[in-house]
Amino acid sequence: MTRALALVCTLSPSPKPSSSQLLADQIMAELTDLGVRGETVRIVDHEVRPGIAQDMGDGDEWPRLREKVLAADILLLATPIWLGHPSSLCQRVLERLNADISETDGQGRQLPYGKVAMVAVVGNEDGAHKVSADVFQGLNDLGFTLAPGAVSYWVGEAQHGTDYQDLEETPEAVRSTTHTMAVNAAHLARVLADAPYPPR
């Protein structure tokens, strides 16, 4: 069975509502409808130390989360926009994943080869394209594969105070984009499972 992991990089700890969590949940629901088994982790609820090592020691919970990343076929990073950038926790996840950038499998491929990545972005200002581009580049450097339309996002008007979670219903453009992204990611993950990238 195809497996997905969502790492939600909101700065709000559980059980506080989160727009990033909401959009991630909607994407994971789409994947579930496609027969993908999923799990969601809110990073702020865990002790993920800053650094670029696989294990920063002394209570660092990243090693356990890293195992989940390596076991998943699809990785979703969900982040809010803060000051025009991904959240600090999203950047921290990328930095912790960077510990594996030189690690390879038995055929010389980076460990995330064959894994599909997606991004979810929410915010009350423009910047979703810039944020997704930043995250895409990091994921690509690490060896993840991006399907067409690998981001779903919602941004409110500039200087506006409405959050995604405050909307009475999901906008059709977001719903449609989320569905297409999930379909493409699930399809690509299954293709790569059947036809892995060649050895280096």
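For the structure, see preceding data.
Residue numbering note: each chain is counted from 1, following its sequence as written. pLDDT decides what is reported in this predicted model: residues at 70 or higher carry local features, side-chain atom pairs at 80 or more are listed and counted, and totals for whole chains, interfaces and linings draw on all residues regardless. Side-chain metrics rest on all non-hydrogen atoms present in the structure, leaving aside hydrogens and water.

Asker: Outline the overall build of the protein, supporting the account with residue identities and numerical values.
Answerer: A run of DSSP states H or I qualifies as a helix once it reaches four residues; a run of E qualifies as a strand once it reaches two. Both are numbered from the N-terminal end. A count of helices and strands for the protein gives five helices and six strands. For the protein, the C-alpha radius of gyration of 16 Å lies close to 16 Å, the compact-globule estimate for 200 residues. Three exposure classes are used, based on accessible area relative to the maximum for each residue type with a 1.4 Å probe and protein chains only: buried under 20%, partly exposed in between, and exposed over 50%. Across the 200 residues that make up the protein, the buried fraction comes to 44%. Working rule for contacts: check all heavy atoms of both residues, and any pair within 4.5 Å makes them a contact. If you take every contact in the protein between residues at least 6 apart in sequence, the share linking residues at least 24 apart comes to 79%. Of the roughly 9,700 Å² that the protein leaves accessible, carbon and sulfur atoms contribute 51%. When charges are counted, Lys and Arg contribute as positive and Asp and Glu as negative, whereas His and the chain ends are disregarded. Each charge is placed at NZ for Lys, CZ for Arg, CG for Asp and CD for Glu. Distance from the positive charge centre (16 side chains) to the negative charge centre (27 side chains) of the protein: 7 Å. As a reference, a globule follows 2.2 Å times the number of residues to the power 0.38, and the radius of gyration itself is taken over C-alpha atoms. Accessible areas in this description were obtained via Shrake-Rupley with a 1.4 Å probe; residue shielding takes into account the shown protein chains only.

Asker: Would you mind going over the nonpolar core in detail, with residue names and values included?
Answerer: We define a nonpolar core as any set of buried Ala, Val, Leu, Ile, Met, Phe, Trp, Tyr and Cys residues linked to one another through side-chain atoms lying within 4.5 Å. With 30 residues, the main nonpolar core has Leu7, Leu77 and Leu139 as its most contacted residues. Elements represented by at least two residues in this core include exactly strand S1 (3–8), helix H2 (62–71), strand S3 (74–82), helix H3 (88–97), strand S5 (116–123), helix H4 (128–142) and strand S6 (145–155). Of all the elements, H4 adds the most residues to this core, at six residues. Once you skip the residues sitting within four places of it in the chain, Leu139 turns out to touch Leu75, Leu77, Leu94, Ala117, Val119 and Phe144. Within the second largest apolar cluster, 27 residues are counted, among which are Ala4, Trp154, Tyr164 and Val174.

Asker: Residues and numbers for the layout of surface pockets, please.
Answerer: Think of a 1 Å grid over just the protein atoms. A cavity is a set of points where a 1.4 Å probe fits yet cannot get out, a pocket is an open set with protein on both sides within 12 Å along at least five of seven lines, and lining residues have an atom within 4 Å of a point. Grid points are joined across faces, edges and corners, and a volume is the space filled by probe spheres set on the points. Of the pockets and cavities examined, the largest pocket occupies roughly 330 Å³. If you go around the largest pocket, you meet 19 residues; those closest to its centre are Ser19, Pro80, Trp82, Asn124 and Asp163. Elements represented by at least two residues in the lining of the largest pocket include exactly helix H1 (19–33), S3 and S5. Across the lining of the largest pocket, the residue classes break down as eight nonpolar, eight polar and three charged. Three classes are used: nonpolar for Ala, Val, Leu, Ile, Met, Phe, Trp, Tyr, Cys and Pro, charged for Asp, Glu, Lys and Arg, and polar for all others, with Gly counted as polar.

Asker: Could you give me a rundown of the pattern of salt bridges, with the residues and numbers involved?
Answerer: The working definition used for a salt bridge is a side-chain nitrogen of Lys or Arg within 4 Å of a carboxyl oxygen of Asp or Glu. Inspection of the entire model under this criterion finds nine salt bridges. One salt bridge in this structure joins Glu39 and Lys68, with 2.9 Å as the shortest N-O distance. Of this pair, Glu39 sits in strand S2 (residues 37–42) while Lys68 sits in helix H2, and the two are 29 residues apart along the sequence. Of the charged contacts in the structure, one is a salt bridge between Arg109 and Asp105, with a shortest N-O distance of 2.9 Å. Accessibility expressed as a relative area gives 26% for Asp105, which makes it partly exposed.

Asker: Got a sec to walk through the pairing of S3? Specific residues and values, please.
Answerer: Judged by how many residues are buried, S3 sits mostly within the fold: eight of nine residues are covered. Two strands pair under a simple rule: DSSP has to find at least two bridges between them. Pairing of S3 with S5, which is carried by seven bridges, proceeds in the parallel orientation. Residue pairing in the sheet places Leu76 in a bridge with Met118 of S5. Bridge count for S3 against strand S4 (residues 85–86) is two bridges, and the pairing is antiparallel. Looking at the pairing, Ile81 lines up with Pro86 of S4.

Asker: Can you explain the packing of aromatic side chains? Please cite residues and give values.
Answerer: Working definition: rings of Phe, Tyr and Trp (its six-membered ring) pair if their centres are within 6.5 Å, and the pair is stacked with planes under 30 degrees apart, edge-to-face with planes over 60 apart, and tilted otherwise. All told, the structure shown has two aromatic pairs when counted by the stated rule. Ring centres of Tyr113 and Tyr197 lie 5.5 Å apart, and the angle between their planes is 70 degrees; on these two criteria the pair is classed as edge-to-face. Taken as a pair, Tyr113 in the loop between H3 and S5 and Tyr197 in the segment after helix H5 (172–194) lie far apart in primary sequence, 84 residues in all. Since its relative accessible area comes to 33%, Tyr113 is described here as partly exposed. Relative accessible area serves as the criterion here: at 31%, Tyr197 is assigned to the partly exposed category.

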